[in-house]
Amino acid sequence: AQSVTQLGSHVSVSEGALVLLRCNYSSSVPPYLFWYVQYPNQGLQLLLKYTTGATLVKGINGFEAEFKKSETSFHLTKPSAHMSDAAEYFCAVTLRDFGNEKLTFGTGTRLTIIP
Amino acid sequence: GAGVSQSPSNKVTEKGKDVELRCDPISGHTALYWYRQSLGQGLEFLIYFQGNSAPDKSGLPSDRFSAERTGGSVSTLTIQRTQQEDSAVYLCASTTRGGHGYTFGSGTRLTVV
């Protein structure tokens, strides 16, 4: 079975400051890892994903995440926060198992940007 | 189609009535998923289709919930005898085999009154 834990249900950062959203995973086999963003009253939009290869993954809107197997982490960062980054962010994991590919989500982190 | 399409976008129903929610996945995507997003509950997996088969329906909360997929394409999630606790946003996603790209629809917001 797989799971993800997102530390911090609410994170506030000042505009222009570093954004760091934490995600730790648990998986019995090598995982695929994802970050999704959800703006108010909208669906989920894929920010970035780790499947294989390079452990530093770059996504849309200046976000990136690093897969660290030794720490079982996949934290999301952005060097400089923008007001438009205010949203809810979800980390998700699925197994490299073609028989069962469902995404398991964390509980989400609501990001607030302080002007 | 270009994206995952869900209908209706909003549904208000009376307690005890049946509802059907529709998901039209991206053309060629073999896998289709239903999730439920409730306030304070996060994103809850309901059921997963590979083609027309459902290898994993472990997330369906009760026997009032059922889903089918026909022609390897459109899926319908049916909730019978709706209860107030069924009020949530129901999200559908599709992907190709291997889990490389899950695309979500905008969801159906269900309100049971």
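Description of the structure in this document.

Definitions and cut-offs
Residues numbered from 1 in each chain as written. Chains lettered and ligands numbered in written order. Predicted model: local features only at pLDDT ≥ 70, side-chain atom pairs only at ≥ 80, totals over all residues. Heavy atoms only, no water. Helix = DSSP H or I, 4+ residues; strand = E, 2+ residues; numbered from the N terminus. Contact = heavy atoms within 4.5 Å. Buried area = accessible area lost by both parts, 1.4 Å probe. Salt bridge = Lys/Arg side-chain N within 4 Å of Asp/Glu carboxyl O. Polar contact = N/O pair within 3.5 Å; in protein donor to acceptor, adjacent residues only side chain to side chain. Nonpolar A, V, L, I, M, F, W, Y, C, P; charged D, E, K, R; others polar. Pairing = 2+ DSSP bridges. Axes fitted to C-alpha atoms, helices over the stretch in contact; angles between N-to-C directions. Core = buried A, V, L, I, M, F, W, Y, C linked by side-chain atoms within 4.5 Å. Buried < 20%, exposed > 50% of the residue type's maximum accessible area, 1.4 Å probe, protein only.

**Some words on the side chain of Asp85 of chain A**
Then, in step 1: Its location among the elements puts Asp85 of chain A in the loop between strand E8 (73-78) and strand E9 (87-95).
Then, in step 2: Apart from residues lying up to four places away in sequence, Asp85 of chain A is in contact with Phe63, Lys78, Ser80, Leu111 and Ile113 of chain A.

**Overview of unusual backbone geometry**
Then, in step 1: Residue Ser7 of chain B is joined to Pro8 of chain B through a cis peptide bond whose omega torsion reads -10°.
Then, in step 2: Relative to the assigned elements, Pro8 of chain B resides in the loop between strand E1 (5-7) and strand E2 (10-13).
Then, in step 3: Phi at Asn61 of chain A is positive, roughly 60°, even though this residue is not glycine.
Then, in step 4: The backbone phi angle of Thr72 of chain A is positive, close to 45°, even though this residue is not glycine.
Then, in step 5: Its location among the elements puts Thr72 of chain A in the loop between strand E7 (64-68) and E8.

**Things to note about the interface of chain B and chain A**
Then, in step 1: Residue-level contacts link 23 residues of chain B with 18 residues of chain A.
Then, in step 2: When the two sides are added together, the surface that chain B and chain A hide from each other amounts to roughly 1700 Å², 51% of it contributed by carbon and sulfur.
Then, in step 3: The closest approach of N and O atoms between Asp56 of chain B and Lys102 of chain A, which form a salt bridge, is 3.4 Å.
Then, in step 4: Summed over the shared surface of chain B and chain A, the result is five residue pairs in polar contact (both at pLDDT 80 or more).
Then, in step 5: The set of elements that each furnish at least two residues to the side of chain B that touches chain A consists of strand E4 (31-38), strand E5 (42-50) and strand E6 (53-56) of chain B.
Then, in step 6: Of the residues assigned to the side of chain B that touches chain A, the class counts are ten nonpolar, ten polar and three charged.

**Quick word on the sheet that holds strand E7 (residues 65-69) of chain B**
Residue and element names in this part refer to chain B.
Then, in step 1: One open sheet holds the four strands; their spatial order is E1-E3-E8-E7, and the pairing between them is antiparallel. Each having just a single partner strand, E1 and E7 make up the two edges of the open sheet. This sheet shows a mean twist of 15° between the axes of neighbouring strands, independent of strand direction.
Then, in step 2: One ladder, built from five bridges, connects E7 with strand E8 (residues 75-79); its direction is antiparallel. Bridge assignment links Phe65 to a residue of E8, and that residue is Ile79.

**Some thoughts on the nonpolar core**
Then, in step 1: Among the nonpolar cores identified, the biggest contains 27 residues, and Trp35, Leu48, Leu76 and Tyr89 of chain A are the most heavily contacted of them.
Then, in step 2: Those elements that provide at least two residues to this core are strand E2 (10-14), strand E3 (19-26), strand E4 (31-38), strand E5 (44-50), E7, E8, E9 and strand E11 (109-114) of chain A.

**Details of the pattern of salt bridges**
Then, in step 1: Using the criterion set out here, one finds eight salt bridges over all chains in the structure.
Then, in step 2: The residue Lys78 of chain A makes a salt bridge to Asp85 of chain A at a minimum N-O spacing of 2.9 Å. With respect to class, Lys78 of chain A is no different from Asp85 of chain A; both count as buried.
Then, in step 3: The partner of Glu44 of chain B in a salt bridge is Arg36 of chain B, with the nearest N and O atoms 3.0 Å apart.
Then, in step 4: What makes Glu44 of chain B partly exposed here is its relative accessible area of 27%.

**Looking at the pairing of strand E9 (residues 88-95) of chain B**
All names here are of chain B.
Then, in step 1: The element E9 is extensively covered by neighbouring structure, given that eight of its eight residues are classed as buried.
Then, in step 2: Alternating residues of E9 divide into Ala88, Tyr90, Cys92 and Ser94 and Val89, Leu91, Ala93 and Thr95, and every residue in both groups is buried.
Then, in step 3: Sheet topology places E4 next to E9; seven bridges connect them, and they run antiparallel. Directly across from Trp34, in E9, lies its bridge partner Cys92.
Then, in step 4: Pairing of E9 with strand E11 (residues 108-112), which is carried by three bridges, proceeds in the antiparallel orientation.

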